[in-house]
Amino acid sequence: MSKIILIGSPNSGKSLLFNRLTGLAHKVANFPGITVDIGSGNLQALPDKQLVDFPGTYSLQAISAEEEVAVGYFENALCDPEVEQVLCLIDATRLEKSLYFTLQVIRDCERHGKPVTVLANMIDVLDKHGLDLDVEGLSAALYTPVLPISGRTGKGVDAVIAALSRPLPEAGVTRSHLTETPDAILRGEAHQLARRFGPRDDILIRTQHRLDSFFLHSLTGGVAFFVIMYLLFQSIFTWSAPAMDAVEGALAWSADRVVPLLGNQVAADFTADALFSGVGAFLVFVPQIFVLTFIIGLLEDSGYMARAALICHKPLRFFGLTGKSFIPLLSGTACAIPAIYAARAIDSPGKRLLTYMAIPLMPCSARLPVYSLLIAAFIPAQTALGGLLGWQGLAMFGIYFFGMFCGLLITGLVSRVAGQRYQDLPFVLELPPYRVPGFVPILRNSVNRARHFVTKAGKIIFTVTLLIWVLGYFPNYGADLGQSWLGQIGRVVEPLFEPLGLDWRYGVAIFTSFAAREVFVGTLGTIFGIEGADENMVPLVEHIQSSQLALGSGLALLVFFAIALQCVSTLAILSKESSSRGLALKMFCGYFLLAYVAGIVVYQVTGWFVG
Ligand SMILES: Nc1nc2c(ncn2[C@@H]2O[C@H](COP(=O)(O)OP(=O)(O)OP(=O)(O)O)[C@@H](O)[C@H]2O)c(=O)[nH]1
Ligand SMILES: [Mg+2]
């Protein structure tokens, strides 16, 4: 199969175009360094051709780890007979920056006889501001075809497909003066070409400056940061509530109809307790995961996240990290696994290691169902100002910050104790332009995330709930949970969780959550389902409220879940990416102990106040 390479500078829109041409869903965000690995897919219009998406690089001298991946792969690709041509993507709104790299690519392709087509992307932005790019002039000066396109609107994409379907010239590529030109001269040439053929970019820059003078200002920027983060967590509750209620209502409605149809008592009990109460309890939280991913997507694509990274650089440095740790840490609020991959973009190995240590403490979406459940059980749902202010959102904000703060505290301590090992390279971050976010890719990404959550966690939850149900239902057919096999196992684990004020039912749920955190919700749902005896579905929150769980224990559970590293996949990826099994094991044991002790302290201290 013939391959086509899609290369370009960071944040120029490669992945968005790649998704458009292949129908795949690589992550797209307005932040340089989002793609950290080579990915490929077949072109939808020309299925016999494979398109390869690259991490962005500023030049063909790699600096960061993901640039090394890209440059190394590119150099090999130039000698690979399967590679038929190269598409070099440039950001037409930032021409000079893209052109130096483009000239290097053209030169190296000429040397190896690989044809190049330059794609001038983001042409929709130029159109919107009435700016011009002299495509013919640029094409003649580069000795290479230049096609104006927009990955966002799809303009010019047909011309790209038409160009790719044309047979390649027999004689290879033309040789221009570039073949022998050294890098230093190419840099000057890029500047000249951008001035001669590029748009007047001061119009674009002016609005950007105005926004930056607000969002990067030491006072307004700081306040804006906290307000945006607060609204993010508040909206998880406010915006997801109707969808969560709908899922809950639909489950109760179906349970009422399906369960009575099952003649066999055991089958009816299994369906009510394990499927509707157990698995159903977890499905209720899927809308929240969707909303969280969607809002983070909006913030990333607008360009705000890069500003947030800049604002956070100084505080992060105090804790031994760098502004470049911000994106991996923030991705960690969705899931630790992509976050660990995203940490490849951190150039300093020491800082990367510290970021690995903080990532599992970021409040990932698997924790969200647990947090939501406990917050909904203990905190009143009152809101004001149309849902912008509310106790539950505030509590969510608090527990999210608690997790992040613990992560930073640990990296701060480790970096101070270990000192020199974690010294930094200079912090260099290119600020992307502010953009109106692209809704469709963000929506697609959020749907994928929610779907992935259901399918991946769903399998584990189903298996564990099935096991818990069998253990809890037999040998006395659900008549007495305390005397079931599960009850007997529960009494073995109970002493471990007694110092947190938790009885065996919660102990068992915590135990199962080491498979994956969200299993906690499914297990509790099943246990309360068996205990509830009747077939009507009662929301898990109500079960918890009537289970006489003390406030101190609820808080201890929150703190325990905020710290403990209960995710097998994270441990596996951590060992792989850090090339050290020891690190993952040490983190697992250390965070478990810390979570346990912090839980006990919280339970005891709350006891002094609440009695
Ligand atoms: N307005 C506009 N925005 C675009 C266009 N193409 C991409 N973008 C936006 O540019 C940003 C970067 O897009 P990506 O596809 O992630 O860029 P990339 O080159 O893959 O970035 P890295 O993987 O970080 O190197 C996103 O916010 C996209 O929505 C375009 O044609 N027009
Ligand atoms: Mg990309």
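Computed from a predicted model, the values in this text were never measured in an experiment.

Our next topic: the layout of surface pockets. In this structure, the second largest pocket occupies an estimated 1,100 Å³ of space. The wall of the second largest pocket is formed by 48 residues, among which Thr93, Met122, Pro433, Tyr434 and Arg435 lie closest to the centre. Residue assignment for the lining of the second largest pocket shows that the elements contributing at least two residues are α1 (14-22), α3 (95-112), α4 (123-128) and α8 (202-215). In terms of residues, the lining of the second largest pocket owes the most to one element, α8, which gives seven residues. In terms of residue class, the lining of the second largest pocket is built from 19 nonpolar, 16 polar and 13 charged.

Bringing the coordination of the magnesium ion (ligand 2) into the picture now. Six octahedral donors around a metal ideally sit at 90 or 180 degrees from one another, while four tetrahedral donors ideally sit at 109.5 degrees. For the magnesium ion (ligand 2), the protein coordination sphere consists of Ser15 (OG) and Thr35 (OG1), at 1.9 to 2.1 Å. Placement of Ser15 in helix α1 and of Thr35 in the loop between α1 and β2 (39-42) is noted, with a sequence separation of 20 residues between them.

Counting residues in each nonpolar core, the largest one holds 130 residues, and the members touching the most others are Tyr400 and Phe520. Each of two domains, domain 1 (2-205) and domain 2 (225-423 + 438-610), supplies a minimum of three residues to this core. With sequence-adjacent residues up to four places away left out, Phe520 is seen in contact with Val370, Tyr506, Ala509, Ile510, Ser513, Leu557 and Phe561.

Right, let's talk about the environment of Thr411 for a bit. In this structure, Thr411 sits in helix α17 (residues 391-418). Take Thr411: its relative accessible area is 0%, and that puts it in the buried class. Thr411 has contacts with Phe319, Leu321, Leu354, Met357 and Ala358, leaving out every residue within four places of it along the chain.

Turning next to the site of ligand 1. Around ligand 1 sit 25 residues in total, of which Lys14, Ile34, Thr35, Asp124 and Asp301 are the nearest. Interatomic distance of 3.1 Å between a side-chain N/O atom of Asn121 and an oxygen atom of ligand 1. In this structure, Asp301 approaches ligand 1 through a side-chain N or O atom, which is 2.3 Å from an oxygen atom. Considering ligand 1 on its own, with 660 Å² of exposed area, one finds that the protein chains cover 99% of that surface. The site holding ligand 1 turns out to be the second largest pocket. Every element with two or more residues in the shell around ligand 1 is listed here: α1 and α4. Per element, the largest residue contribution to the shell around ligand 1 is three residues, and it comes from α1. In terms of residue class, the shell around ligand 1 is built from nine nonpolar, eleven polar and five charged.

Judged by pairing direction, the sheet is mixed, and its six strands sit side by side in the order β2-β3-β1-β4-β5-β6 without closing on themselves. The open sheet has two edge strands, β2 and β6 (146-148), and neither has a second partner. The sheet shows a mean angle of 25° between the axes of neighbouring strands, direction not considered. Pairing of strand β1 (residues 2-8) with strand β3 (residues 49-53), which is carried by five bridges, proceeds in the parallel orientation. Looking at the pairing, Ile5 lines up with Val52 of β3. In this fold helix α2 (residues 65-79) packs onto β1, β3 and β4 (83-91), with an angle of close to 140° to the strand it touches most, β1. Along the sheet, α3 makes contact with β1, β4 and β5 (116-121), crossing β4 at roughly 165°.

All right, on to the UniProt feature "transmembrane region" (unreviewed entry) in the protein then. When the UniProt feature table is mapped to this numbering, "transmembrane region" (unreviewed entry) covers residues 214-233, 274-299, 353-379, 391-414, 453-474, 555-575 and 587-610. Secondary structure content for residues 391-414 is 100% helix and 0% strand, and the end C-alpha separation is 34 Å. Here residues 587-610 is 100% helix and 0% strand, with 33 Å between the C-alpha atoms at its ends.

Contact geometry of helix α18 (residues 439-473) with helix α21 (residues 519-532) gives a least axis separation of 9 Å together with a crossing angle of 30°. Comparing the axis directions of α18 and α21 gives the class roughly parallel. Seen along the crossing, α18 lies across α21 with a hand that is right-handed. Seen from α18, the contacting residues are Ile460, Ile461, Val464, Thr465, Ile468, Trp469, Gly472 and Tyr473; seen from α21, they are Val519, Gly522, Thr523, Thr526, Ile527 and Ile530.

Criteria and cut-off values
Residues numbered from 1 in each chain as written. Chains lettered and ligands numbered in written order. Predicted model: local features only at pLDDT ≥ 70, side-chain atom pairs only at ≥ 80, totals over all residues. Heavy atoms only, no water. 1 Å grid on protein atoms, 1.4 Å probe; cavity = no way out; pocket = protein on both sides within 12 Å on 5 of 7 lines; lining within 4 Å. Points joined across faces, edges and corners; volume = space filled by probe spheres on them. Helix = DSSP H or I, 4+ residues; strand = E, 2+ residues; numbered from the N terminus. Nonpolar A, V, L, I, M, F, W, Y, C, P; charged D, E, K, R; others polar. Donors = N, O, S within 2.8 Å, 3.2 Å for Na, K, Ca; no water. Core = buried A, V, L, I, M, F, W, Y, C linked by side-chain atoms within 4.5 Å. Buried < 20%, exposed > 50% of the residue type's maximum accessible area, 1.4 Å probe, protein only. Domains from an automatic or database assignment. Contact = heavy atoms within 4.5 Å. Near = heavy atom within 4 Å. Polar contact = N/O pair within 3.5 Å; in protein donor to acceptor, adjacent residues only side chain to side chain. Areas by Shrake-Rupley, 256 points an atom, 1.4 Å probe, with all protein chains shown as cover. Sits in = over half its atoms within 2 Å of the grid points. Pairing = 2+ DSSP bridges. Axes fitted to C-alpha atoms, helices over the stretch in contact; angles between N-to-C directions. UniProt positions renumbered as here; feature names shortened; annotations may be inferred. Parallel < 35°, antiparallel > 145°, perpendicular 65-115°, else oblique. Left-handed = near helix turned anticlockwise from the far one by under 90°.

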